[in-house]
Amino acid sequence: MYKVYLVDDDVFVRKGIKTLIDWETYGFSICGEADNGEDALADIQQLKPELVLTDIRMPVLDGLDLIKYTKESLTDSPYFIVISGYTDFKYAQRALRYGVKDFILKPVDQEEIHQTLDRVATTIRRDYESRHLQDKMEVMTEVKKILFDESCKSNKDLLHPFFLGETYTFLKIEINSMQNDCQSCFAIIESALLTLEGQEHYVWFEDNVNCFGLVINDLFLRANNVTFEQFLTEQYKILSAKLDFDINIYSGITVKRIHELSTSYKAAKKCVQFKYLLNKQIITYEMIKDKDVYFIELDQSYYDDMLDFMEENNQKKIEEHLAKMIETSTEMNFAKDALRTVVNRLNHKILKSIKEVEGNEQEISTIKEMLEWEEYSLTLNQLKGLWLQFIKEATLLLTRLNQNNMKGTIYRIKKYIHSHFDKPITLKSIANTFYMNPVYMGQLFKKTYGIYFKDYILNVRIEEAKKLLRKTDLKVYEIAEKVGFTNPDYFVTQFEKNVGTTPSQYRKKLMEQIS
């Protein structure tokens with residue numbers, strides 16, 4: 001109910017207004033009355049009604065001065081309806097200057113005042129909603145400053161509702177989908193929150209694509225008569241049903257001071273890193289505070305093997321190997337961001353392979369989703385499904401390109417050299433392996449890579465020998481054998497010719513530089 005205050009020096013007019021008008025129908029209740037402007041001003045300042053009905057000509061302080069002084073003394077001035085038996089236009093002009101929009105003449109017409117009250121009630125409600133929204137926006141701005149910058153000094157006046165609480169917690173809500181409308185989801189979650197009590201005790205905002213931030217305090221929980229754990233469980237059930245999507249909720253640490261909220265925010269972000277390790281939709285800081293995740297990489301062999309399976313167009317091996325990559329990442333406690341690096345690294349190698357045979361990656365139907373997947377929130381199964389589809393489509397594209405483009409064969413020959421440099425390989429032996437004419441293959445290799453086949457093999461072997469000289473204590477003849485030279489003396493000669501120093505001198509120089 002909105003509060004109404006009546007001011008008129010005629011007691012019978014006041015009684016008539018109280019009895020003739022159906023106040024409750026329009027959402028009003030009378031909170032007080034006065035027969036002069038001075039008493040009314042004191043009451044209005046104390047009672048803070050939303051609406052004042054006042055006469056103009058009254059003793060001590062007239063109606064227009066009452067309006068003037070009220071507006072000057074109150075930040076949120078009430079809405080005024082002027083009721084007078086005088087038709088002097090000057091009064092109406094002054095009333096308009098003070099922001100009065102309704103001027104009713106005596107005797108009061110019941111239908112007219114009911115229409116006016118209906119209109120005023122709508123205006124008051126809209127003004128209240130607008131002010132409430134503005135207050136929420138100001139509080140949200142200040143809270144976000146604290147969340148993202150722990151050194152921030154916020155405006156305590158704007159955060160007044162939060163300072164009433166004793167504890168504060170940041171929650172992160174993720175919607176796992178690439179298909180949903182983010183704004184629609186925001187509206188659905190907000191509508192669910194609006195059904196709860198304690199609206200002034202939470203802040204709600206969009207944190208990222210498909211991710212939303214929620215800050216609540218202990219007063220919010222008490223207003224809804226729930227524990228923190230009950231709130232998380234109930235909201236998960238409600239939002240899952242309303243959104244029809246898989247969702248995750250992450251809870252940061254509960255803090256006792258508003259300026260420590262950045263700590264809660266960071267704790268919630270840490271919870272996100274456990275998304276693919278814990279088979280839970282709700283992850284709280286208490287669950288993970290004693291656990292570790294690792295930001296490391298898979299061995300290079302995992303990527304090489306996948307590319308080999310793709311070159312062979314072995315769909316079964318591709319599916320098995322992808323499952324192995326994900327399983328290994330999980331067993332090694334990879335953080336969510338670490339798995340993201342694995343995905344992007346393999347995808348980069350796949351796209352590079354397509355480019356090398358002059359293919360167009362845009363022919364892959366899932367290319368856009370795969371390139372943008374990390375901007376969204378996906379479950380592990382959703383990610384695995386999208387990733388597998390992308391790899392299979394890329395495999396089919398590479399197979400078609402390799403079949404139609406001889407450069408694809410040359411690319412595979414280059415890969416073959418890197419995998420078999422330690423074995424006795426010749427132009428003829430590789431040409432037979434790939435069913436090509438040796439002379440044509442040699443010409444195409446030189447045209448593609450700008451170097452003769454024999455020289456390329458030698459360069460690969462020398463580079464591998466340099467790595468072994470740097471990283472191992474193997475003897476020179478052992479290194480020669482490991483990189484494919486059957487004659488150690490010939491290896492030393494070729495090494496010196498290409499590097500400008502013997503293998504032993506190369507290693508000695510490195511050791512001197514380290515010392």
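Conventions adopted
- Residues numbered from 1 in each chain as written.
- Predicted model: local features only at pLDDT ≥ 70, side-chain atom pairs only at ≥ 80, totals over all residues.
- Heavy atoms only, no water.
- Helix = DSSP H or I, 4+ residues; strand = E, 2+ residues; numbered from the N terminus.
- Rg over C-alpha atoms; globule rule 2.2 N^0.38 Å.
- Buried < 20%, exposed > 50% of the residue type's maximum accessible area, 1.4 Å probe, protein only.
- Axes fitted to C-alpha atoms, helices over the stretch in contact; angles between N-to-C directions.
- Parallel < 35°, antiparallel > 145°, perpendicular 65-115°, else oblique.
- Left-handed = near helix turned anticlockwise from the far one by under 90°.
- Contact = heavy atoms within 4.5 Å.
- Nonpolar A, V, L, I, M, F, W, Y, C, P; charged D, E, K, R; others polar.
- Phe/Tyr/Trp six-rings, centres within 6.5 Å; stacked < 30°, edge-to-face > 60°.
- Lys NZ or Arg CZ within 6 Å of the ring centre and 35° of its normal.
- Patch = residues over 30% accessible without salt bridge, like charges linked within 9 Å, V, L, I, M, F, W, Y side chains within 5 Å.
- Areas by Shrake-Rupley, 256 points an atom, 1.4 Å probe, with all protein chains shown as cover.
- Salt bridge = Lys/Arg side-chain N within 4 Å of Asp/Glu carboxyl O.
- Lys, Arg positive; Asp, Glu negative; His and termini not counted.
- Charge placed at Lys NZ, Arg CZ, Asp CG, Glu CD.
- Right-handed = clockwise from strand over helix to strand, strands pointing away.
- Pairing = 2+ DSSP bridges.
- Core = buried A, V, L, I, M, F, W, Y, C linked by side-chain atoms within 4.5 Å.
- Polar contact = N/O pair within 3.5 Å; in protein donor to acceptor, adjacent residues only side chain to side chain.

A. Molecular detail of the overall build of the chain. Along the backbone of the chain there are 23 helices and 10 strands. Taking 24 Å as the expected radius of gyration for a compact globule of 515 residues, we find that the chain reaches 39 Å, considerably beyond that expectation. Principal-axis analysis of the C-alpha atoms places the extent of the chain at approximately 125 × 50 × 40 Å. Evaluated residue by residue, the chain yields a buried proportion of 45% over its 515 residues.

B. The packing of helix H12 (residues 300-312) against helix H13 (residues 315-331), seen in detail. Where H12 meets H13, the closest approach of the two axes is 9 Å, and the angle between their N-to-C directions is 165°. It follows that H12 is roughly antiparallel to H13 by the angle criterion. Crossing hand, H12 versus H13: left-handed. Each of Tyr302, Tyr303, Asp305, Met306, Phe309 and Met310 in H12 lies in contact with H13, whose residues at this interface are Lys317, Ile318, His321, Leu322, Lys324, Met325 and Thr328. Within the contact of H12 with H13, the residues separate by chemical class into 8 nonpolar, 2 polar and 3 charged.

C. Representation of the packing of aromatic side chains within the structure. Evaluation of the coordinates by the stated rule reveals 20 aromatic pairs. For the pair Trp23 and Phe28, a centre-to-centre distance of 6.4 Å together with 80° between the ring planes defines the contact as edge-to-face. The burial state of Trp23 is the same as that of Phe28; both residues are buried. Against the face of Tyr452 rests Lys446, its NZ or CZ located 5.1 Å from the ring centre.

D. Region of interest: a negative patch on the surface. The grouping of Asp9, Asp10, Asp35, Glu38 and Asp39 at the surface amounts to a negative patch. Position of Asp35 among the secondary structure elements: in the loop between strand S2 (28-34) and helix H2 (37-47). Among the residues examined, Asp35 registers a relative accessible area of 37% and is labelled partly exposed.

E. Up close: the pairing of strand S4 (residues 79-84). The buried count for S4 comes to 6 of 6 residues, which makes it a mostly enclosed element. Handedness of the crossover joining strand S3 (residues 51-54) and S4 through helix H3 (residues 63-73): right-handed. Both S4 and strand S5 (residues 102-105) contribute to a ladder of 4 bridges, which runs parallel. Bridge pairing links Val82 to Phe103 in S5.

F. Expanded view of the nonpolar core. Counting residues in hydrophobic clusters, the biggest one holds 50 residues, and the most contacted among them are Met310, Met325, Ile350, Ile354, Trp387 and Ile391. Counting only elements with at least two residues in this core, the list comes to helix H10 (261-272), helix H11 (285-288), H12, H13, helix H14 (336-356), helix H15 (367-372) and helix H16 (380-404). A per-element tally of this core places H16 first, with 10 residues. By size, the runner-up hydrophobic cluster in this structure holds 29 residues, among which are Ile410, Ile413, Phe453 and Ile479.

G. Quick peek at unusual backbone geometry. The phi angle at Asn313 is positive, at roughly 55°, despite the residue not being glycine. Asn313 gets classed as partly exposed once you look at its relative accessible area, which sits at 29%.

H. A look at the pairing of strand S1 (residues 2-7). Most of S1 sits out of view: 5 of its 6 residues are buried. Two elements, S1 and S2, share 6 bridges in a ladder whose sense is parallel. Its bridge partner lying in S2, Leu6 is registered against Glu33. Since S1 and S2 lie parallel, the crossover through helix H1 (residues 11-20) that links them has a hand, and here it is right-handed. Where S1 and S3 come together, 4 bridges link them in parallel fashion. Bridge pairing links Val4 to Leu51 in S3.

I. Looking closely at the side chain of Asn224. As for its placement among the helices and strands, Asn224 is situated in the loop between helix H8 (218-223) and helix H9 (228-243). For Asn224, the side chain forms a polar contact with the main-chain nitrogen of Glu197, separated by 2.8 Å. Sequence-distant contacts of Asn224, that is, excluding residues within four places in its chain, are made with Leu196 and Glu197.

J. Highlighting the pattern of salt bridges. One pass over the structure, following the stated rule, counts 22 salt bridges. Here Glu174 and Lys275 are joined by a salt bridge, their closest N and O atoms 2.9 Å apart. Of this pair, Glu174 sits in strand S6 (residues 168-176) while Lys275 sits in the loop between H10 and strand S10 (282-284), and the two are 101 residues apart along the sequence. Just as Glu174 is buried, Lys275 falls in that class too.

K. Expanded view of the sheet that holds S6. A sheet is described by the order of its strands in space; here 5 strands give the open sequence S7-S8-S6-S9-S10, paired in mixed fashion. Where the open sheet ends on each side, the last strands, each with one partner, are strand S7 (202-208) and S10. Going from strand to strand, the sheet's axes swing by 20° on average, the running direction of each strand aside. Relative to S10, strand S9 (residues 246-251) runs parallel, the two being bridged by 3 bridges. By the bridge assignment for S10, Tyr250 is matched with Ile283. Across the sheet, H9 lies against S6, strand S8 (211-217), S9 and S10, angled at about 155° from S9, the strand it touches most.

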